[in-house]
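# Inside the fold
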Amino acid sequence: MFDGVGGFIVGLDHANDVIGQTRYQTTYSNQFEPSRKSQDAFEVGLYRFPNIKHIPTDVEKIDDSVFDEMKENGVNMIVGGFPCQDYSVARSKQKERGIEGKKGVLFWSIIRAVNHIKPEYLVLENVDRLLKSPSKQRGRDFAIMLGAFNQLGYSVEWRVINAAKYGQAQRRRRVFFFVYRNDTKFAKTIDQKYSQPNLFEQDEDTYDQYIFKDGLFARQFPIVQTPYKGRHYTQVLSTVDSDDLEYVPDISDNFTGKIWNTGIMRYGQYFTIDTAPTETEKPITLGEIVAKAKETEPVIDEKYYINNAERLEKFKYLRGAKKIERTTTDGHKWIYSEGGMAPYDSFDLPARTMLTSEGSVNRSTHLLFEDGRYRLLTPIEAELIQDFPANWTKYKKDAETGEISEVSDRMRMFFMGNALVTGIVKRIGIELNKIIVENQ
């Protein structure tokens, strides 16, 4: 769901390569961008995955019968990075509307699909700010999501993962969910070791061993074995019975708990710990990405260089420190301050987080200084930073005519700003396979 240009599929296909068999076979894909007439991401998917059934429809308009068909055809896992514009740090808090926002409500389409398909597993991704959304009721939106899965009989494990801390080429922090049905063999194993459904609240340390050692994320993405700054918390999501229609609304109205970057929700109670990565894995540097890209494209096209002095000066201003007086709508004056950045991005560090504005004249855009000249990232470099194959998004296929055409650089950069680091998905897929094999 919300497939983009196939990041989850690429990651799971690469997991299959490591596993040595096709554990994961994608059969359906849904990609639709309501704000665009041209469905470029969908057409990249058509080009890259001709054997998948592609559904270029607003997910809210997909009929329930389609989800029923998926279940009949053996679908037992859902993956996706659901829309995050309402939560993303790319937008100001004033515009943050969380689950009440126009695109935020699309989470309920995931719940609708789960209700019909009843998959054994889900792997989902979103921006880490989701855990603190909205700003006026921290954590409420995530708590609502946990409650919705609990109502359907699922457990949810989550972790905020900074890809660069686990050997990847980008300092990109995203929250990943591993969701599993409570009647799976894995869930029953966890019941036996930790706790079964209980009318009484469990102690906050009940799932410490799971969070630090036994959970999918702990096994694949090692963490320091003590809570960061002692941050450790548990809470029952709601005292309303989970079968009651008021269960999720009660969470929405009354949630006041803390949610840290790692945790597990089981049977309506969540256990959460603020954790830190062990930092034993060396990240891929931007310099290594630039070198790898040249294996495909040895000569950088002149269009990526910044030869315009005015444009370069604009970049220098945007990346520099500044203090600007601003005025609110009611006339209150305040000072907006911004710290300075390095004049250009270091080749000795992993890339910063790419946004959909990558490639434009923007503070967040990567600025490279190579051989005495300033330039922007190329689309191939952007793809490699997200751990996609080089030129993954170069071509698209028209759904009606079958014509193959090239995708514009602007759209390719937009795709990568929206994408996820496929190497993280690959590792999740590898670990999930181990869990499945262990619990056969």
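In this report, the structure presented in the accompanying data block is examined. This is a predicted model, so every value here is computed, not measured.

## Section: the overall build of the protein chain
Counting secondary structure elements, the protein chain contains 14 helices and 15 strands. Since a compact globule built from 440 residues should have a radius of gyration of about 22 Å, the 22 Å found for the protein chain is in line with a globular shape. With the principal axes as the frame, the protein chain shows a C-alpha extent of 70 × 55 × 45 Å. For the protein chain, buried positions account for 52% of its 440 residues. The long-range fraction of contacts in the protein chain, counting pairs at least 24 apart against all pairs at least 6 apart in sequence, stands at 71%. In the form shown here, the protein chain has an accessible surface area of approximately 20800 Å², with 48% of it arising from carbon and sulfur atoms. If you average the places of the 60 positive and of the 63 negative side-chain charges in the protein chain, the two averages end up 5 Å apart.

## What to know about a negative patch on the surface
Residues D241, D243, D244, E246 and D253 make up a contiguous surface patch of negative charge. Mapping D241 onto the fold places it in the loop between β7 (232-236) and α9 (247-254). Classification of D241 as partly exposed rests on a relative accessible area of 49%.

## Quick notes on empty space enclosed by the protein
Evaluated as defined, the whole model comprises two cavities of 30 Å³ or more. Reported here for the largest cavity is a volume of approximately 50 Å³. Grouping the constituent residues of the lining of the largest cavity by class yields six nonpolar, no polar and two charged. For the second largest cavity, the calculated volume is near 30 Å³. E157, W158, R159, Y210, I211, F217, T262, G263 and I264 are the residues that line the second largest cavity. Elements with a contribution of two residues or more to the lining of the second largest cavity: β5 (154-162), α7 (208-214) and β8 (262-266).

## Considering the nonpolar core
F82, I110, L122, F149, W158 and F177 are the most contacted members of the largest nonpolar core, which totals 44 residues. The element that contributes the greatest number of residues to this core is helix α5 (residues 140-151), accounting for seven residues. For L122, the residues in contact, after removing those within four places along its chain, are I78, I110, V114, F149, Y154, F177, F178 and V179. Counting residues in hydrophobic clusters, the runner-up holds 38 residues, among them M77, F221, F271 and V425.

## Looking at the environment of L106
Along the chain, L106 falls in the loop between β3 (77-81) and α4 (107-117). With 225 residues separating them in the primary sequence, L106 and G331 have C-alpha atoms 36 Å apart. In contact with L106, not counting residues within four places along its chain, are F2, V59, E60 and P83.

## Focus on helix α13 (residues 409-418)
Along α13, seven of the 10 residues are buried, which leaves the element largely enclosed by surrounding structure. Considered for burial, the residues of α13 that qualify are M411, R412, M413, F414, F415, M416 and G417.

## Structural notes on the packing of aromatic side chains
What the rule picks out here adds up to 27 aromatic pairs. Taking 4.9 Å as the distance between ring centres and 75° as the angle between the ring planes, the aromatic pair formed by F142 and W158 counts as edge-to-face. Here F142, found in helix α5, pairs with W158, found in strand β5; they are 16 residues apart in sequence, far enough to count as distant. We note R48 situated over the ring of W392; from NZ or CZ to the ring centre the distance is 4.5 Å. Taking the ring centre of Y317 as reference, the NZ or CZ of K322 above it sits at 5.1 Å.

Reading the values: the criteria
Every chain begins its residue count from 1, and numbering advances along the sequence as written. In view of the model being predicted, local features appear only for residues whose pLDDT reaches at least 70, and side-chain atom pairs are presented and counted only at 80 or more, with totals across whole chains, interfaces and linings using the full set of residues. Working from all heavy atoms in the structure, the side-chain values ignore hydrogens and water. Strands here mean DSSP runs of E at least two residues long; helices mean DSSP runs of H or I at least four residues long; both are numbered from the N terminus. It is over C-alpha atoms that the radius of gyration is taken, and the globule rule equals 2.2 Å times the number of residues to the power 0.38. Classification of residues uses two cut-offs on accessible area relative to the type maximum, computed with a 1.4 Å probe and protein chains only: under 20% is buried, over 50% is exposed, and between them is partly exposed. Contacts: residue pairs with any heavy atoms within 4.5 Å of one another. Each accessible area is a Shrake-Rupley estimate made with a 1.4 Å probe; only the visible protein chains count as cover when residues are assessed. Only four residue types enter the tally: Lys and Arg on the positive side, Asp and Glu on the negative side, with His and both chain ends excluded. Note on charges: their place is set at NZ of Lys, CZ of Arg, CG of Asp or CD of Glu. Like charges within 9 Å and nonpolar side chains (Val, Leu, Ile, Met, Phe, Trp, Tyr) within 5 Å are joined into patches, using only residues over 30% in relative accessible area that form no salt bridge. Any Lys or Arg side-chain nitrogen located within 4 Å of an Asp or Glu carboxyl oxygen qualifies as a salt bridge. Using a 1 Å grid laid over the protein atoms alone, points where a 1.4 Å probe fits but cannot get out form a cavity; open sets with protein on both sides within 12 Å along at least 5 of 7 lines form a pocket; any residue with an atom within 4 Å of a point counts as lining. Grid points are joined across faces, edges and corners, and a volume is the space filled by probe spheres set on the points. Three classes are used: nonpolar for Ala, Val, Leu, Ile, Met, Phe, Trp, Tyr, Cys and Pro, charged for Asp, Glu, Lys and Arg, and polar for all others, with Gly counted as polar. Buried Ala, Val, Leu, Ile, Met, Phe, Trp, Tyr and Cys residues that are joined via side-chain atoms within 4.5 Å together make up what is termed a nonpolar core. Any two rings among Phe, Tyr and Trp, with Trp reduced to its six-membered ring, count as a pair given centres within 6.5 Å; such a pair is stacked if its planes are under 30 degrees apart, edge-to-face if over 60, and tilted if neither. When the NZ atom of lysine or the CZ atom of arginine is within 6 Å of a ring's centre and also within 35 degrees of its normal, the charge is said to sit over that ring.

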